[in-house]
Amino acid sequence: MKKIEMLIAAPASNTGKTAVTCGLLAALKQRGKNPVSFKCGPDYIDPMFHSRITGRPAGTLDPYFCDAETLRFLLASESEGCGLAVLEGVMGYYDGIGFSSEASTFTVARATETPVILVIGCRGMGASVAAVLRGFLEHASGDSMIRGVIFNQLPAKLVPQAMA
């Protein structure tokens, strides 16, 4: 059975990545799926939340210190025996060194070939949400790796339209 992997990313910090990741980990754990978690980049707080939920140490995938081969090795070896691996991005999806995407969450997604669920914080937005999503899908040359989207804090009056 192939291990299922997903990476939770966002356009920016403070949009709900950690809340979505922790909620997903808790739901998977409750269903007996024995998930393992990882954090992209240097962070010690979010992995503590992950570990509290899963009951196991969270891994770190840092593209600043590790090349693509090492990222793949760490993901494979630290998730061995688990059917589900949930990765949480850091900062904005394409935010890396300076104004580049080097050493970004996007770098991890591409290196590990992990599908991405983009969490867009919709507070104070309406139709602009579509423009943000389109920009993220089209920004990368080639495959953005984005396979799904969660509209977080979507105004209630827009929910029926978004679900249509």
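Fair warning: this is a prediction, and the values are worked out from it, not measured in the lab.

Quick look at the packing of helix H3 (residues 68–78) against helix H4 (residues 105–112)
Angle between the axes and distance between the axes are the two parameters that describe a pair of packed helices.
Okay, so step 1: In contact at an axis separation of 9 Å, H3 and H4 are set at 75° when each is read in the N-to-C sense. Classified by the angle their axes make, H3 and H4 are roughly perpendicular. Each of Ala 68, Leu 71, Arg 72 and Leu 75 in H3 lies in contact with H4, whose residues at this interface are Val 108, Ala 111 and Thr 112.
Okay, so step 2: In terms of residue class, the contact of H3 with H4 is built from five nonpolar, one polar and one charged.

Let's talk about helix H5 (residues 128–139)
Along an α-helix, residues three or four positions apart point the same way, because every turn accommodates 3.6 residues.
Okay, so step 1: With 12 residues, H5 extends 16 Å from end C-alpha to end C-alpha; this agrees with the ideal 16 Å at 1.5 Å per step.
Okay, so step 2: Turning to H5, its buried residues are Val 129, Leu 133 and Phe 136. The buried residues of H5 occupy an angular sector of 65° when the element is viewed end-on, so they sit on one face. Counted as exposed and oriented over 90 degrees from the buried face of H5: Ala 130, Ala 131, Arg 134, Glu 138 and His 139.
Okay, so step 3: Tucked into the core, H5 has its buried residues touching strand S5 (116–121) and strand S6 (146–152).

Topic: the side chain of Ser 79
Okay, so step 1: The topology assignment puts Ser 79 in the loop between H3 and strand S4 (84–88).
Okay, so step 2: Engagement of the side chain of Ser 79 in a polar contact is seen with the backbone oxygen of Leu 75, the distance being 2.4 Å.

Topic: H3
Okay, so step 1: Buried within H3 are the following residues: Leu 71, Leu 74 and Leu 75. Along H3, the residues classed as buried sweep out an arc of 95° about the axis, all on the same side. Exposed and facing more than 90 degrees away from the buried side of H3 are Glu 69 and Phe 73.
Okay, so step 2: Along its buried surface, H3 packs onto strand S1 (4–9), strand S2 (36–40), strand S3 (59–61), S4 and H4.

Conventions and cut-offs
Every residue gets a number counted from 1 within its own chain, in the order that chain's sequence is written. Local features in this predicted model are restricted to residues whose pLDDT is 70 or higher, and side-chain atom pairs enter the listing and the counts only when it is 80 or higher, whereas totals over whole chains, interfaces and linings include all residues. The side-chain figures draw on all heavy atoms in the structure; neither hydrogens nor water molecules are used. Convention adopted: a line fitted to C-alpha atoms gives each axis, helices being fitted over their contacting stretch, and angles between N-to-C directions are expressed from 0 to 180 degrees. Runs of H or I in DSSP of at least four residues are treated as helices and runs of E of at least two as strands, each being numbered from the N terminus. By the definition adopted for this analysis, an angle is roughly parallel if under 35 degrees, roughly antiparallel if over 145, roughly perpendicular if from 65 to 115, and oblique otherwise. By definition, residues are in contact when any of their heavy atoms lie within 4.5 Å. For this scheme, ten residues count as nonpolar: Ala, Val, Leu, Ile, Met, Phe, Trp, Tyr, Cys and Pro. Four count as charged, namely Asp, Glu, Lys and Arg, and the remainder, Gly too, count as polar. Under the convention used throughout, the expected extent of a helix is 1.5 Å for every residue step, that is, one less than its residue count. When a residue's accessible area, from a 1.4 Å probe over protein chains only, is under 20% of the maximum for its type it is buried; when over 50% it is exposed; and in between it is partly exposed. What the arc measures is the spread of directions leading from the helix axis to the C-beta atoms. Polar contact criterion, stated in full: a pair of N or O atoms within 3.5 Å, where within protein one must be able to donate a hydrogen and the other to accept it, and residues adjacent in sequence count only if both atoms are side-chain atoms.

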